[in-house]
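Residue-level structural notes
Given next are the chains, with one letter for each unit.
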4 protein chains.
Amino acid sequence: MTRLLKIAYIGGGSRGWAHTLMRDLALCPELNGEIRLYDIDMEAARQNQSLGNWLQGQPGVLSSWQYRLAASLGEALDGADFVFISIQPGSLDLMEREIAIAEEHGLYYPVGDSTGFPGLMRGLRSVLIFEKFAHAIARYCPAAWVINYTNPMTVCARTLTRAEPALKVFGCCHEVFNAQEILAEVVQKARQLDQRPARDQIKVNVLGINHFTWFDEAWFGEIDLLALLRQHLAEPGARRFYTQAEVEQENDWFVDFRQVKYELFERFGLLAAAGDRHLCEFLPGLISSPQELFHWGIIRTPVSYRKQRYIDSPRLIRSYISGETQFDLRPSGEEAVRQVKALLGLGDFVTNVNLPNAGQIINLTLGSVVETNALFSLDSVRPLLAGSLPPGVHGLIATHVHNQEALVEAAMTRNTDLALQALVNDPSITIPLDRVWEMFTTAGLPEGW
Amino acid sequence: MTRLLKIAYIGGGSRGWAHTLMRDLALCPELNGEIRLYDIDMEAARQNQSLGNWLQGQPGVLSSWQYRLAASLGEALDGADFVFISIQPGSLDLMEREIAIAEEHGLYYPVGDSTGFPGLMRGLRSVLIFEKFAHAIARYCPAAWVINYTNPMTVCARTLTRAEPALKVFGCCHEVFNAQEILAEVVQKARQLDQRPARDQIKVNVLGINHFTWFDEAWFGEIDLLALLRQHLAEPGARRFYTQAEVEQENDWFVDFRQVKYELFERFGLLAAAGDRHLCEFLPGLISSPQELFHWGIIRTPVSYRKQRYIDSPRLIRSYISGETQFDLRPSGEEAVRQVKALLGLGDFVTNVNLPNAGQIINLTLGSVVETNALFSLDSVRPLLAGSLPPGVHGLIATHVHNQEALVEAAMTRNTDLALQALVNDPSITIPLDRVWEMFTTAGLPEGW
Amino acid sequence: MTRLLKIAYIGGGSRGWAHTLMRDLALCPELNGEIRLYDIDMEAARQNQSLGNWLQGQPGVLSSWQYRLAASLGEALDGADFVFISIQPGSLDLMEREIAIAEEHGLYYPVGDSTGFPGLMRGLRSVLIFEKFAHAIARYCPAAWVINYTNPMTVCARTLTRAEPALKVFGCCHEVFNAQEILAEVVQKARQLDQRPARDQIKVNVLGINHFTWFDEAWFGEIDLLALLRQHLAEPGARRFYTQAEVEQENDWFVDFRQVKYELFERFGLLAAAGDRHLCEFLPGLISSPQELFHWGIIRTPVSYRKQRYIDSPRLIRSYISGETQFDLRPSGEEAVRQVKALLGLGDFVTNVNLPNAGQIINLTLGSVVETNALFSLDSVRPLLAGSLPPGVHGLIATHVHNQEALVEAAMTRNTDLALQALVNDPSITIPLDRVWEMFTTAGLPEGW
Amino acid sequence: MTRLLKIAYIGGGSRGWAHTLMRDLALCPELNGEIRLYDIDMEAARQNQSLGNWLQGQPGVLSSWQYRLAASLGEALDGADFVFISIQPGSLDLMEREIAIAEEHGLYYPVGDSTGFPGLMRGLRSVLIFEKFAHAIARYCPAAWVINYTNPMTVCARTLTRAEPALKVFGCCHEVFNAQEILAEVVQKARQLDQRPARDQIKVNVLGINHFTWFDEAWFGEIDLLALLRQHLAEPGARRFYTQAEVEQENDWFVDFRQVKYELFERFGLLAAAGDRHLCEFLPGLISSPQELFHWGIIRTPVSYRKQRYIDSPRLIRSYISGETQFDLRPSGEEAVRQVKALLGLGDFVTNVNLPNAGQIINLTLGSVVETNALFSLDSVRPLLAGSLPPGVHGLIATHVHNQEALVEAAMTRNTDLALQALVNDPSITIPLDRVWEMFTTAGLPEGW
């Protein structure tokens, strides 16, 4: 394969995901080309450019990529084959402020990027940003594959496809991978396997929406993993609650004791894929106090932590380049490069993605963005039929689908009332509607509304 | 019209609605026949029988009805032309207990008969009861019109039509009438009319589900009443909150300051028909404390009040018969008799009823019971197209429709998990799912599950 | 009612329907105002103007209307309260030619204005014309009620609502009235009634599409008219076929022996409302030869007859004005005036109309124009739920709905292929697709395509 | 893989497909076990048994299978892992008679097994037969995979899934393979490739119903095959018509000049997969005379030919066993064995199959059987989303879907009227409905109705 790819990277100053991509591209001999980094924080993009180009000469690198800085969105996109989008919609200060407003009303969001008050507020401004992306892509590279990593995933992907229906868009998230790892761990232990099965040997049927997607089947060969998990949870100690001290001593903002996942599994019969930090934000009552969160083994990720990572990044990049810190060149486990290869005809495979619902989940709204398995092949991402959500889980999910659809509609038509209505209908926002209005007006409408 | 009607009255010991019906039948010269009172509390039915038969001789009575006691459901139903159902599903003790369990978890339901924890629990046992009614009606009087007044209306009516799809069922409720009266009051005041318009001169398009149905249009002649109401609410003092003292000094368990209705109207643009006591039970956060309820001008109706009415009833009936108390012989304003007449070909008219959705609200689940206008004519109740719910209100209602459908499914298939799942998904139940499970198991499954 | 109405009449030179309207308006004391006649044949409109204004002074006339000539569409529409549309889409020569082309391919259409080859070709040009009407109405009188009488009804009404979704459009046709008259005749005979019941005492549930709409229920009081008709058809001689001589001796281009209607009724169980001349055009094989048509008692209406009526018209109008011919001042039996009155708040009633499907027939495409009952009231035409078509009749109708939708789509997007595809799929066009293409290219695309 | 499979073969006396299966199983080293042959013609099954068992000792055979005769359906099915169904529903005499009845009414079906008069009549009796199969499978081997090869495919598969919704059913047909071969030929010629691409290198998106399924995309690597075909058809001579002599001199009952396929492609833009012999039966007018068929290059397969094959079969089997005729041991190109292997976890792959529509074609009736691609994997056949049919092709297919659904409903509920209604609505049956009734009553209802 000698073809030279052009990749546009919107949010090219990204601290996490950009480095993962660099790693995986470096290890893939079949793909070469250029990556145009575009970011409203140009300095951050410039640092990633240095890192990316420095990497080309390093031992173990099997490909050749040129990292370039794009001065404008158009320059990044012009003629691109692929567009990656991984941005922070709005500043971390804004995120911090919205989480704080919610706390003033008794709502304690541990993440705040997908749903609930801060997630939906972030969604509103994402629509305004992604509308522009959609139109720019339609203008500069209408045939490109557009891969979104930004949260709120559903709202961002939905905006792209609603604003420009002809674009080829999908969205990726690794929460499903984590759940597959959990099942791999369960089967290894239950069957006393020497080796943990590889993640992609855990076959799952995925159905739901991002960060609230579920498995109704999971198999390792002929072993029914949901049945196995049910046995596992019946063992003493598998299901329990936690104290603040127990949670805090883990010293990990991302600690996950999976008790929300398991409670949902016991009560609803399907396995939710995302981590508890996300799941609790889709449900009523779990975020009603820090104590309630601790009870389930969850700790809030402070936005200050995210800010610090941001501040630390330039030094980290310099230390990679200086050799002071070793840049990790092992495969990340992410699938972006495998997906790109499949789309170029270099190997079909099935994985989960976020796509507009064209029938893959027959009892969710057509057109809304859902997460299911799909077959990747040459220039094609075709969903597999995921089937129908059972009534109980359908009840949980359908509300969020309504709200996300309403939110995108609200922002695209600048309909303030409808935006509020979506907030009132969010299951995690358990306060009276006059107080929702208060939160909403305190936070204010996004710039450019 | 000399035809003699046979009316079966299930719940014939009813204290409220039975007397209303007696009154209206007494004033209707076109209808005569017999009414078979059936009740598991036979003594209560017997008292109503005495009252009903005593009434026949009274001045002002224009018709002739024979009230009979039916020893069994079959005896009541056999060959009936109409079946009225107005029962208390389960004892008042049960109702009191379920409301108390909810209060222990911080949920304060002012009524508890339609939705929320006590409403859904009442729903579960109603399904078991109404399944039996459905089969009995199908056996003894398959061509009868079946008119339900029992709450939870939607669940009861849905059970009848799901268990026996060929039955001719509709459900009636006067909440819409009350809202029409409010609008009549508004227009009288705004336009300084000498006389308040009659309720049925207030033309409304009704769409939603019982106790959570809405008007998207309301007219008095060419006057747009929703626009008028909007002006009215903009006046100083129209929108306000209340103190406990203000509410309590009304000394009325049914006091309604309409602030929930008006808040919903301001935020969602449509007018919810039911009283605030019901509305607050369909929404998150409003029932979170007695103070929150007082804040909106709502006081909880104690079940002890309902019990007292029940205890007082025999004495009241005796005092009617003895002449000590004057039995009220003015038209009640209810529509049962007008409906019966229309179904007999004695005058078409349009009114609101609860019917299975066959397209009248195109964006709610087909088959679920919805409340809209319908044309009553000879042996026919045909819904008028109510149209589509706007996204915001749709979000509020669709969740309840899902839950009601799930609940009926759960009870008809004795699926305990699904029953719990409906509870978890109820917007007024704002507590974590493990606590919902606790409430549920404390309350226990209905008899006969 | 002193309000002065403004009525725009598009196709104001119409020979038939305009005179009917004049008659009924003349007899209605509540309505007065002006009628602006607009026609591409201005001379024809001028003649109608003379007639209309002459009529005002005549004995028996109870209202006062001013008939004016509009020089342009805009002049006719400007500020109108009602818009009537009754045009000939394309010349009679065109119609004659398309019918002749079809005959060359063995297809003998007796009417040719609704479906089949000439109906669909007429439909194509109607879309182009009605698109313009829609935009003009939206510009000059967006709040007007628009009442269409033009065939092909479904295509014309659909174009108006698709081009300008906010317009208030419905379409009227008297075929249902004729079928009610047939049932009135049947019940009079069967029950030996002295008097034939009035048409609107025959209560029917209407469901289908214009000229192919059906009754699944028909009642005169408590008498089931479909059951009665079934008995009637079982009598000797009720069902039979005809010879050419028998048909021709009737000397009536509109003769209707109802044998297609009755055959459909026997085989499908529902009663088709339209006359056999229309029905046979919706079905396969009936128009395959003049002999086949005679067999069913149908004779083709020659376009020359329509042309002659057109030629005779000026003389007829002159002879009305001169008093040589008596202008008929009895009520026509049409409902236009009654509808206008209802929309002005002067009396609600239920009748059948053509409206976009918003759920009234749940198993036909939403948005397509269907014919059902609707409640007319102040500024409102609200469909009654007609229910679901049974599978057999659904099969017959759904094909036409697909074709009509495809045809409107084809013409609005100038998609020639799609137009052909609709023709190929028409059940009356029973010839191979290459020959359909031949007919289509021979006839040619409409002007302005 | 040492697991021994149990395969039930209903129609085990089959002359064609049984031998193909024997061949492919013989060449597959991973699969072994027993095959139970069941047939109402036990002698035919016995002959296949001899052949199957004889084959085991032959050179080149890589597996070991025991062929057994099953005296009853239950014996064949008991505990089976797979069930193959390949029967003749009703005798060839019946088929011959129905084709002859149609000819008397001017309808000349070249095949008569899928649609049109003989196809639908065959469908009616298939429903009665497959209902029994469904219940027997549900009783004796509910977990088995059931693979149907019988025509009419859609009706047979639909009956199985409607009668026993829990069965795991799919249906297979090689018409799509043939169309892939045509495209392979086209690309080889156009690009002057040395070698014709293998069939499964031709990637197609399949959407439609059996024998009337279509490709809206077809690729060989990055070469757009539909675009290529369009160029090919523009060449002189590619599109033409035929004389009777030209067709007859081919001396092949299955000759296919593809002119129906190409005409449909030119007019509708999608490529129909089946051969012209099938396609012409789904369309109006093409079967109106033998001359019309010759015109398109089609000759009717006489049923006498099928009978002769049947008569010749025992001799042919004897001559295989005696060594007189060489039994062909090359891979057949069919996919049954590959599918079985995939279902056993021995290699995932994507191919086209007939399955109940659960969203894979979003604008066809849910539940009806459609033909699309699906992913085969361990104990799973999961459809890929095929998308939406464009309006023109949708029009052609939807009618057949309605009719097939009506037919299955008709036969399962013994509703004679509905069966007739489906016939009247068949596009190939271009005669008046009274004559359809005549054909229908002449043919008579199937045994056991």
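Residues numbered from 1 in each chain as written. Chains lettered and ligands numbered in written order. Predicted model: local features only at pLDDT ≥ 70, side-chain atom pairs only at ≥ 80, totals over all residues. Heavy atoms only, no water.

So, helix H5 (residues 116-140) of chain A
- A rise of 1.5 Å per residue sets the reference length of H5(A), with its 25 residues, at 36 Å; its end C-alpha atoms lie 35 Å apart and thus fit the reference within 8%.
- By the largest-angle criterion, Ser126(A) marks the main kink of H5(A), which is about 25 degrees. (Helix = DSSP H or I, 4+ residues; strand = E, 2+ residues; numbered from the N terminus. Expected span 1.5 Å × (residues − 1). Bend = angle between axes of the 7 residues up to and from the residue.)

As for the pairing of strand E3 (residues 65-69) of chain A
- Two strands pair when backbone bridges link them, and strand E2 (residues 32-38) of chain A and E3(A) are joined in this way by five bridges, in the parallel orientation. Bridge pairing links Ile35(A) to Tyr67(A) in E3(A). (Pairing = 2+ DSSP bridges.)

Brief notes about the interface of chain B and chain A
- Facing the 33 residues of chain B at the interface are 33 residues of chain A.
- Surface buried jointly by chain B and chain A totals about 2,900 Å² across both partners, of which 64% is contributed by carbon and sulfur atoms.
- At the boundary of chain B with chain A, the tally comes to two salt bridges.
- Put simply, chain B and chain A have nine residue pairs in polar contact (both at pLDDT 80 or more) between them.
- The set of elements that each furnish at least two residues to the side of chain B that touches chain A consists of helix H10 (259-268), helix H12 (290-295), helix H15 (391-412), helix H16 (416-424) and helix H17 (433-443) of chain B.
- When residues of the side of chain B that touches chain A are assigned to their parent elements, the largest contribution, eight residues, is made by H15(B).
- For the side of chain B that touches chain A, the class distribution of residues is 17 nonpolar, ten polar and six charged. (Contact = heavy atoms within 4.5 Å. Buried area = accessible area lost by both parts, 1.4 Å probe. Salt bridge = Lys/Arg side-chain N within 4 Å of Asp/Glu carboxyl O. Polar contact = N/O pair within 3.5 Å; in protein donor to acceptor, adjacent residues only side chain to side chain. Nonpolar A, V, L, I, M, F, W, Y, C, P; charged D, E, K, R; others polar.)

Looking at the pairing of strand E6 (residues 168-171) of chain D
Residues and elements named next belong to chain D.
- Pairing of strand E5 (residues 145-148) with E6 involves four bridges; the strand directions are parallel. Paired with Val-146 across the two strands is Val-169, which belongs to E6.
- For the segment spanning E5, helix H6 (residues 153-163) and E6, crossover handedness is right-handed. (Right-handed = clockwise from strand over helix to strand, strands pointing away.)

Quick notes on the relation of the copies chain B and chain A
- Each copy superposes on the other: chain B lies on chain A with an RMSD of 0.0 Å after a rotation of 180 degrees and an axial shift of 0.0 Å. Considering both components of the superposition, the chain copies are consistent with a two-fold axis. Identified as the residue of chain B closest to the rotation axis by C-alpha distance is Thr430(B), at 2.9 Å.
- When the interface residues of chain B are mapped onto chain A, 100% of them again lie at the interface, so the same face is used by both copies. (Least-squares fit on C-alpha atoms with pLDDT ≥ 70 in both.)

Looking at the relation of the copies chain C and chain B
- Of the transformation placing chain C onto chain B, the axial shift is 0.0 Å and the rotation is 180 degrees, giving an RMSD of 0.0 Å.
- The residues that chain C uses at the interface reappear at the interface of chain B in 94% of cases, marking a shared surface.

Describing the packing of aromatic side chains
- On inspection of all chains with the given rule, the structure shows 71 aromatic pairs over all chains.
- Ring centres 5.2 Å apart and planes at 85 degrees place the aromatic pair Phe170(C) and Phe376(C) in the edge-to-face group. One end of the pair, Phe170(C), is in strand E6 (residues 168-171); the other, Phe376(C), is in strand E12 (residues 369-377), and 206 residues separate them in sequence. Across the pair, exposure class does not vary: Phe170(C) and Phe376(C) are buried alike.
- Measuring from centroid to centroid gives 5.0 Å for Tyr320(C) and Phe327(C), while their planes differ by 85 degrees, and the two rings are edge-to-face.
- Taking the relative accessible area as the measure of exposure, Phe327(C) reaches 8% and is therefore buried.
- Through a chain of ring-to-ring contacts, the aromatic side chains of Tyr9(A), Trp17(A), Phe84(A) and Tyr149(A) assemble into a single cluster.
- Above the face of the Tyr310(C) ring, Arg15(C) is positioned so that its terminal group lies 4.8 Å from the ring centre.
- Sitting over the ring of Trp437(C), Arg267(D) keeps its end group 3.7 Å from the ring centre. (Phe/Tyr/Trp six-rings, centres within 6.5 Å; stacked < 30°, edge-to-face > 60°. Buried < 20%, exposed > 50% of the residue type's maximum accessible area, 1.4 Å probe, protein only. Lys NZ or Arg CZ within 6 Å of the ring centre and 35° of its normal.)

Re the interface of chain C and chain B
- Contact with chain C, which involves 18 residues of that partner, is made by 19 residues of chain B.
- Roughly 1,600 Å² of surface becomes buried between chain C and chain B when both sides are summed, with 63% attributable to carbon and sulfur atoms.
- Of all residues in chain C, the largest losses of buried area upon contact with chain B belong to Arg382(C), Leu384(C) and Leu385(C), amounting jointly to 39% of the total for that side.
- Across the chain C-chain B interface, the total number found is two salt bridges.
- A salt bridge links Glu217(C) to Arg382(B), with the shortest nitrogen-to-oxygen separation between them at 3.8 Å.
- At the junction of chain C and chain B, the tally comes to six residue pairs in polar contact (both at pLDDT 80 or more).
- Looking at the side of chain C that touches chain B residue by residue, the class counts come to ten nonpolar, five polar and three charged.

A closer look at the arrangement of the chains
- Here chain A and chain C are not in contact; the least distance found between their C-alpha atoms is 15 Å.
- The least C-alpha distance between chain B and chain D, which are not in contact, is 15 Å.

Some words on the confidence of the model for chain A
- Overall, the predicted model of chain A reaches an average pLDDT of 96, with 100% of residues at or above 70.
- For this predicted complex, the interface score ipTM comes out at 0.95, while the overall pTM is 0.96. (pLDDT = per-residue confidence, 0-100.)

Points about the packing of helix H5 (residues 116-140) of chain C against helix H15 (residues 391-412) of chain C
Residue and element names in this part refer to chain C.
- Contact pair H5 / H15: the axes reach a minimum separation of 9 Å and the direction vectors enclose 55 degrees. Taken together, H5 and H15 sit at an angle that is classed as oblique. By crossing handedness, the relation of H5 to H15 is classed as right-handed. Residue-level contacts link Leu-120, Gly-123, Leu-124, Val-127, Leu-128 and Glu-131 of H5 to Leu-407, Val-408, Ala-411 and Met-412 of H15.
- When grouped by side-chain class, the residues that make up the contact of H5 with H15 number eight nonpolar, one polar and one charged. (Axes fitted to C-alpha atoms, helices over the stretch in contact; angles between N-to-C directions. Parallel < 35°, antiparallel > 145°, perpendicular 65-115°, else oblique. Left-handed = near helix turned anticlockwise from the far one by under 90°.)

Overview of empty space enclosed by the protein
- Inspection of the entire model under this criterion finds 14 cavities of 30 Å³ or more.
- Contributions of two or more residues to the lining of the largest cavity are made by H15 of chain C together with helix H15 (391-412) of chain D.
- Top contributing element to the lining of the largest cavity by residue count: H15(C), with three residues.
- In this structure, the second largest cavity spans a volume of roughly 190 Å³.
- Residue lining of the second largest cavity: 21 residues in total, with Asn425(A), Asp426(A), Pro427(A), Asn425(B) and Pro427(B) positioned closest to the centre.
- Looking at side-chain class alone, the lining of the second largest cavity contains twelve nonpolar, seven polar and two charged residues. (1 Å grid on protein atoms, 1.4 Å probe; cavity = no way out; pocket = protein on both sides within 12 Å on 5 of 7 lines; lining within 4 Å. Points joined across faces, edges and corners; volume = space filled by probe spheres on them.)

Some points on helix H2 (residues 42-55) of chain C
Residues and elements named next belong to chain C.
- With 14 residues, H2 extends 20 Å between its outermost C-alpha atoms, agreeing within 8% with the 20 Å of an ideal straight helix rising 1.5 Å per residue.
- Taken as a whole, H2 has its buried residues at Ala-44, Ala-45, Gln-47, Asn-48, Gln-49, Leu-51, Gly-52 and Leu-55.
- At its buried positions, H2 is contacted by helix H1 (17-26), strand E2 (32-38), strand E3 (65-69) and helix H13 (303-322).

Description of unusual backbone geometry
- Note the cis peptide between Asn151(C) and Pro152(C), where omega equals 0 degrees.
- Here Pro152(C) shows up in the loop between strand E5 (145-148) and helix H6 (153-163).
- A positive phi angle, near 70 degrees, is found at His211(B), a position not held by glycine.
- For His211(B), the position within the fold is in the loop between strand E7 (202-209) and strand E8 (212-220).
- Unusually for a residue other than glycine, Asn251(B) sits at a positive phi of about 55 degrees.

Observations concerning the environment of Gly90(B)
All names here are of chain B.
- Relative to the helices and strands, Gly-90 is located in the loop between strand E4 (82-85) and helix H4 (92-104).
- C-alpha of Gly-90 to C-alpha of Asp-24: the two residues are 66 residues apart in sequence and 28 Å apart in space.
- Beyond its immediate chain neighbours, meaning those up to four positions away, Gly-90 contacts Arg-125 and Ile-129.

What to know about the pattern of salt bridges
- In total, this model carries 104 salt bridges over all chains according to the counting rule given.
- Of the charged contacts, one joins Arg158(B) and Glu405(B) as a salt bridge, the two residues approaching to 2.7 Å between their closest N and O atoms. One end of the pair, Arg158(B), is in helix H6 (residues 153-163); the other, Glu405(B), is in helix H15, and 247 residues separate them in sequence. As far as burial versus exposure is concerned, Arg158(B) and Glu405(B) are alike and both buried.
- Beyond isolated ion pairs, a larger network of salt bridges with shared partners links Arg239(A), Glu263(A), Glu266(A) and Arg267(A).

Digging into the environment of Leu445(C)
All names here are of chain C.
- Assignment of secondary structure puts Leu-445 in the segment after helix H17 (433-443).
- The partly exposed category is assigned to Leu-445, whose relative accessible area is 39%.
- In sequence terms Leu-445 and Tyr-109 are 336 residues apart; their C-alpha atoms lie 20 Å from each other.
- Not counting the four nearest positions on each side in its chain, Leu-445 is found in contact with Thr-416 and Phe-440.

Focus: the side chain of Arg277(C)
All names here are of chain C.
- On the secondary structure map, Arg-277 appears in helix H11 (residues 276-279).
- Here Arg-277 is buried and forms no salt bridge, its nearest opposite-charge partner Glu-175 lying at an N-O distance of 5.7 Å.
- Within the local environment of Arg-277, its side chain forms a polar contact with the side chain of Thr-301, the two groups lying 2.7 Å apart.
- Other than its neighbours up to four places away in sequence, Arg-277 contacts Pro-110, Val-111, Trp-253, Phe-254, Val-255, Ile-298, Thr-301 and Arg-306. (Lys, Arg positive; Asp, Glu negative; His and termini not counted.)

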